[in-house]
Amino acid sequence: MQRILSGIQPSGDVHLGNLLGALQNWVADQHTHESFHPIVDLHAVTVPQDPRELQAATLRLAQMLMAAGLDPDVCVLFVQSHVPEHTQLAWVLECTAGFGELRRMHQFKDKSADMDFVCAGLFTYPVLQAADIVLYDTDVVPVGDDQRQHIELTRDITQRFNARYGEVLVVPEHRIPPAGARVMDLQEPTRKMSKSAGEAPGTIWLLDEPDVVRRKIRRAVTDSHSEVRFDREAKPGVSNLLEILGAATGSTPRDLADVYDRYGPLKNDCAEAVVELLAPIRQRFAELRADPAETQRALATGAGTAGEIAAATMGRVREAMGFLPRR
Ligand code: TYM
């Protein structure tokens, strides 16, 4: 069975982009792959976090992932900081990654652009991500389009490591879904839907009530001409709605473009498809909130399973690199 790993940050709530670009594919994959899903709290602290909020957000995200369908009895769901090997391997890979290649990361450039203080961790963030992946001998990394460059970097670092120390690490591949890989902001469809958008009307949160979802989609920015066509450059707003509807219903944006000749019905169907997708998640989330101990137990089990594999990989790495064993 192939092994999958993909993580998500506990910063802000989960939005529709996370669900369509990543999470819903993880839910399907867990039955056909050995799946590992870390909640990457160490990545979250590359920007300032309120300690108490981080703790609450981490548990809440675990409940959200389970509500969306990740089953901790089927996949390995855990908290990144519970497995110390992530940072151990990250250090080793930092000594394998080049300063120049990290400087080329789009996400670093975007995130650091408006910051007064940029911590070194934000710069080396993709190396920690590489460690998350290779620690579990991962074959496939299912992610949204914004992570493509990070996974390509992971491949480069891993190949360089193996060239130096022997075939120690598995070189992973990314998998980006045909629809939903790039869900854009509903108000600014040239910008990706993101957690940092706050309460903005351009982001749909997984816990949004049906009427809120309908309102946000009804008010989504479209283009001045009324023709329905999938063309991200010329018609970003309409293309985004086609993309969302496609990802929510298992169809492709191009096929859907042939079905509609006006914006109104497209918006209506898109809203109803999203409402239908989110309803069971909201309900299950409320149930899980009532019993936090159940989620904490699941996370402890996940960390136990993950930790065993991580320790074995780190053992191989230490030996290959020539660190003196502790006797
Ligand atoms: P994060 O937490 O920002 O996002 C989690 C997943 O959601 C996808 N995603 C989107 N997909 C489509 N449209 C969007 N607007 C959208 N926004 C987010 C992301 O591509 C991602 O798959 N660096 C990662 C977390 C990470 C990770 C890893 C991922 C840490 N270690 C190891 C894979 C493997 C991140 O910040 O994702």
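Model, not experiment: these values are computed from the prediction.

**Concerning helix α8 (residues 148–165)**
Move 1: The end-to-end C-alpha separation of α8 is 26 Å, in line with the 26 Å expected for 18 residues at 1.5 Å each.
Move 2: Here α8 has its buried residues at H150, I151, L153, T154, I157, T158, F161 and N162. The buried residues of α8 occupy an angular sector of 165° when the element is viewed end-on, so they sit on one face.
Move 3: Positive phi appears at G166, one or two residues downstream of α8, with a value of about 100°.

**Re the pairing of strand β3 (residues 76–79)**
The two faces of a sheet get side chains in turn, since along a regular strand they alternate between them.
Move 1: Burial along β3 is two-sided: the face carrying V76 and F78 and the face carrying L77 and V79 are both buried.
Move 2: Here strand β2 (residues 34–39) runs beside β3; their pairing, made up of four bridges, is parallel. Following the sheet pairing, F36 is matched in β3 by V76.

**Observations regarding the pairing of β2**
Move 1: The buried fraction of β2 is high, at five of six residues.
Move 2: By the bridge criterion, three bridges tie strand β1 (residues 3–5) to β2 in an arrangement that is parallel. Paired with I4 across the bridge in β2 is S35.
Move 3: A crossover links β1 with its parallel partner β2, the connecting element being helix α1 (residues 16–29), and its sense is right-handed.

Reading the values: rules and limits
Residues numbered from 1 in each chain as written. Predicted model: local features only at pLDDT ≥ 70, side-chain atom pairs only at ≥ 80, totals over all residues. Heavy atoms only, no water. Helix = DSSP H or I, 4+ residues; strand = E, 2+ residues; numbered from the N terminus. Expected span 1.5 Å × (residues − 1). Buried < 20%, exposed > 50% of the residue type's maximum accessible area, 1.4 Å probe, protein only. Arc of directions from axis to C-beta. Pairing = 2+ DSSP bridges. Right-handed = clockwise from strand over helix to strand, strands pointing away.

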